[in-house]
Structure formats: C-alpha cells, structure tokens
Amino acid sequence: MPRPDRSGFPDNSQGDAMLPRFLRPGLAPLAAAALLAVAAAAAFAHDDHHPAQSAQTAEESAFLAENDAAMTKMMNDMAAKPSGDIDRDFVAMMAPHHQGAIDMAVIELRYGKNEQLRRIAQEIIVEQRQEIDAMKLAIGDPVTASAPAPTQPGPAPAAAHDHMNTSHGMKN
C-alpha cells in the first residue's frame, strides 16, 4: 500500500494509470459531478425521514416524477461516447449536466412556493444556458436558439408559453 506523503495523500509514484479512467485527473471533476448528482437523486428519492412523504400531494407527486425524469435524462445524456477530442467530450458531458440543472430549475418554478428559491431557479436557467452556449461556441458548434422556459404544465410548448404569460404574473 502506498505511504501517504506530507499532504496526507498516498504516493502517486505509479502514476494515474493505476486509477480507473473516471478517476483520472482530467475526468475527476466530471466524475465527481456525476456521482454527486446520483447521490443527491438517491438521497432525495429514498429520504425515509421526511414526514410529508407519507402524505404526498398530487402536486408533490408530479414534482417528484418530473424531477426524476429530468435526473434520468441528464444522467443518460452525460454518458457520451468518447470522440477522441477531449474538448468535444467535455462539452458533450457538461452540456447535459447544465441542461439538467435548467430542467430542475424549471420544475422548481412550476411547483416551488419560496420566492427566494424561485429567483435562484431563474438565475440558474439564465446562467446555465449562457454556459452551454459559451462551451458550444468554444468548440465551434452553433448555439441553440433561446426560448422561454416553460414553467407551467401544458399540452404543447406553444400552449405552455401562452399560459405562462398569464399565470402567476410571470413574464419572459
């Protein structure tokens, strides 16, 4: 077993080749983000200590179902096949991660009641979209045309957009 150096970390004299691919330095932040997202989803889904869980409202059930779908989509989309271009691979994994944050923020806007959290969710949507666009531009990909985030359930995106303009005083 390698002996710790003065920093308390084991000696890395055998190099990063001994680490699984997802723990190597270049991919460590992505692996950490993915593990954090999985852990958060698991903790959220299996929180047996939450008293309201035994008496879930229809609204909370809808919130949990939409959040679970957003998390599942994010994790599936982050599993990008390596292309051989590190920068493209980074964007291919990070863009869905940022989109997952956007999707979860939209869900907070649909169901959340806390005005401070709703403002934070709005900021997340704007900032994460900007970061996705910046990453795409950095690798020469076109940015996606922006559209208002649907915050109200609706049968179709156009109907959700029209409904959003008249509900809860929200504006685009």
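Residues numbered from 1 in each chain as written. Predicted model: local features only at pLDDT ≥ 70, side-chain atom pairs only at ≥ 80, totals over all residues. Heavy atoms only, no water.

Within the structure shown, the criterion is met by five salt bridges. Between Glu66 and Arg110 there is a salt bridge; the shortest N-O distance is 2.4 Å. Of this pair, Glu66 sits in helix 2 (residues 58–78) while Arg110 sits in helix 3 (residues 86–111), placing them 44 residues apart in sequence. On the basis of relative accessibility, which here comes to 22%, the residue Glu66 falls in the partly exposed class. Take Arg110: its relative accessible area is 21%, and that puts it in the partly exposed class. The salt bridge involving Glu115 is made with Arg118; its shortest N-O contact spans 3.6 Å. (Salt bridge = Lys/Arg side-chain N within 4 Å of Asp/Glu carboxyl O. Helix = DSSP H or I, 4+ residues; strand = E, 2+ residues; numbered from the N terminus. Buried < 20%, exposed > 50% of the residue type's maximum accessible area, 1.4 Å probe, protein only.)

Here we come to the side chain of Gln128. With respect to the helices and strands, Gln128 occurs in helix 4 (residues 115–138). Within the structure, the side chain of Gln128 is placed 3.4 Å from the side chain of His98, a separation counted as a polar contact. Beyond its immediate sequence surroundings of up to four residues, Gln128 is in contact with His98, Ala101 and Ile102. (Polar contact = N/O pair within 3.5 Å; in protein donor to acceptor, adjacent residues only side chain to side chain. Contact = heavy atoms within 4.5 Å.)

Our focus in this paragraph is the packing of helix 3 against helix 4. Contact geometry of helix 3 with helix 4 gives a least axis separation of 8 Å together with a crossing angle of 160°. Considering the angle they form, helix 3 stands roughly antiparallel to helix 4. Relative to helix 4, helix 3 is oriented so that their crossing is left-handed. Taken together, the residues of the contact of helix 3 with helix 4 sort by class into 15 nonpolar, four polar and five charged. (Axes fitted to C-alpha atoms, helices over the stretch in contact; angles between N-to-C directions. Parallel < 35°, antiparallel > 145°, perpendicular 65-115°, else oblique. Left-handed = near helix turned anticlockwise from the far one by under 90°. Nonpolar A, V, L, I, M, F, W, Y, C, P; charged D, E, K, R; others polar.)

With respect to the helices and strands, Ile125 occurs in helix 4. Put simply, Ile125 and Asp103 are 22 residues apart on the chain and 8.1 Å apart in space, counted from C-alpha to C-alpha.

This part takes up the environment of Met94. Of note, Met94 is situated in helix 3. The sequence separation of Met94 and Glu131 amounts to 37 residues, and the corresponding C-alpha distance is 9.5 Å.

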